[in-house]
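Listed below, chain by chain, are the residues.
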Amino acid sequence: MRINADLSKPVIVHAGKLDWVPSPAAGVERRMLYRVGGEVARATSIVRYAPGSVFPRHTHTGGEETFVLDGTFQDEHGDYPAGSYFRNPPGSSHVPASREGCTIFVRLWQYREGDREQLVCKPREGRSITPRTGAMEVRILFDDGEEQVRLERFPARAGIEFDNPRGLELLVAAGAIEFERDKLKTQTWVRLPAGIKFKGTAGHNGLTLWVKDAPLLHRGVLPLPQMP
């Protein structure tokens, strides 16, 4: 399966308009944003857990990066309410579930060799920095020099402009933004190759934006296993 696999092209996916696709676990469904591979894949997805659903224990051989959009996500290590961000490095394992139901944003098999940091940022955690012009709040969730992940909040009708020297991936976590004559609502995902600036205007109810500033595919990214 190949979905938005050409990393040289800008991509906007209005995920809220996509159908939910069943996963192998009952009650767990996906909206596929980027995918290269089969059930084991280099992938970016929106995943919805119905109340009481459980995904069987599995090992993240290629690493997992997650941001909780709504509800509360759980595993045997703890509870992660909306706004939580965590990184499960290659080789980690867990039993994901949700008692009340939740929606999460997940990136799989996009870790590079040597990235082994386990990280959990609950809501309002992370490192607060001086906001850019127009923003109300910026929190750095992860930064190791190779990539930076942050959460930015903007008031209604604020102007937004990001330079893009490495590559940008953005997810509208709440609110909306006007970008290139398009209105990007909650769960809209944007991927821009290096050199393409992002410039828009926050919607009438403001905007919360998850931002990854990093190469769209790291040099030294962990290779997918060869399938028979």
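Residues numbered from 1 in each chain as written. Predicted model: local features only at pLDDT ≥ 70, side-chain atom pairs only at ≥ 80, totals over all residues. Heavy atoms only, no water.

**Some details on the overall build of the protein chain**
Helix and strand counts for the protein chain stand at zero helices and 22 strands. The C-alpha radius of gyration computed for the protein chain amounts to 17 Å, which stays within 12% of the reference 17 Å derived for 228 residues, consistent with globular compactness. Out of the 228 residues belonging to the protein chain, those deemed buried represent 51%. For the protein chain, long-range pairs separated by at least 24 residues make up 66% of all intrachain contacts whose partners lie at least 6 apart in sequence. Accessible surface, the protein chain as shown: approximately 10,500 Å² in total, 51% of it carbon and sulfur. If the 31 positive side-chain charges of the protein chain are averaged to one point and the 28 negative ones to another, these points end up 4 Å apart. (Helix = DSSP H or I, 4+ residues; strand = E, 2+ residues; numbered from the N terminus. Rg over C-alpha atoms; globule rule 2.2 N^0.38 Å. Buried < 20%, exposed > 50% of the residue type's maximum accessible area, 1.4 Å probe, protein only. Contact = heavy atoms within 4.5 Å. Areas by Shrake-Rupley, 256 points an atom, 1.4 Å probe, with all protein chains shown as cover. Lys, Arg positive; Asp, Glu negative; His and termini not counted. Charge placed at Lys NZ, Arg CZ, Asp CG, Glu CD.)

**Brief notes about the packing of aromatic side chains**
Centre-to-centre distance and the angle between the planes together describe a pair of aromatic rings. By the definition in use, this model includes seven aromatic pairs. For the ring pair Phe73 and Phe86, a centre distance of 5.6 Å and an interplane angle of 25° mean the geometry is stacked. With Phe73 in strand β8 (residues 64-75) and Phe86 in strand β10 (residues 85-88), this residue pair connects regions lying 13 residues apart in the sequence. Residue classification places Phe73 among the buried positions, given a relative accessible area of 1%. Ring geometry for Phe179 against Phe198: centres 4.6 Å apart, planes inclined by 25°, an arrangement best described as stacked. (Phe/Tyr/Trp six-rings, centres within 6.5 Å; stacked < 30°, edge-to-face > 60°.)

**Quick word on the nonpolar core**
Counting 22 residues, the largest nonpolar core has Ile46, Phe67, Tyr85, Phe105, Trp189 and Trp210 as the members making the most contacts within it. Among the secondary structure elements, those contributing two or more residues to this core are β2 (11-14), β4 (28-37), β8, β14 (119-121), β16 (137-143), β17 (148-154) and β19 (168-179). When residues of this core are assigned to their parent elements, the largest contribution, three residues, is made by β4. When residues no more than four places from it in sequence are discounted, the contact partners of Phe105 are Leu33, Thr44, Ser45, Ile46, Glu65, Thr66, Phe67, Leu69, Glu169, Leu171, Trp189 and Trp210. (Core = buried A, V, L, I, M, F, W, Y, C linked by side-chain atoms within 4.5 Å.)

**Description of the pairing of β19**
For β19, the buried fraction is high: nine of the twelve residues fall into the buried class. When β19 meets strand β22 (residues 198-213), the two strands line up antiparallel, connected through nine bridges. The residue bridging Leu168 from the neighbouring strand is Asp213, located in β22. As paired strands, β19 and strand β20 (residues 182-184) are joined by three bridges and run antiparallel to one another. The partner of Glu178 across the bridge, within β20, is Lys183. Here β19 folds back onto β20 in antiparallel fashion, the turn holding two residues, of which Glu180 has a positive phi close to 50°. (Pairing = 2+ DSSP bridges.)

Keep in mind that these numbers describe shape and distance, not what the molecule does.
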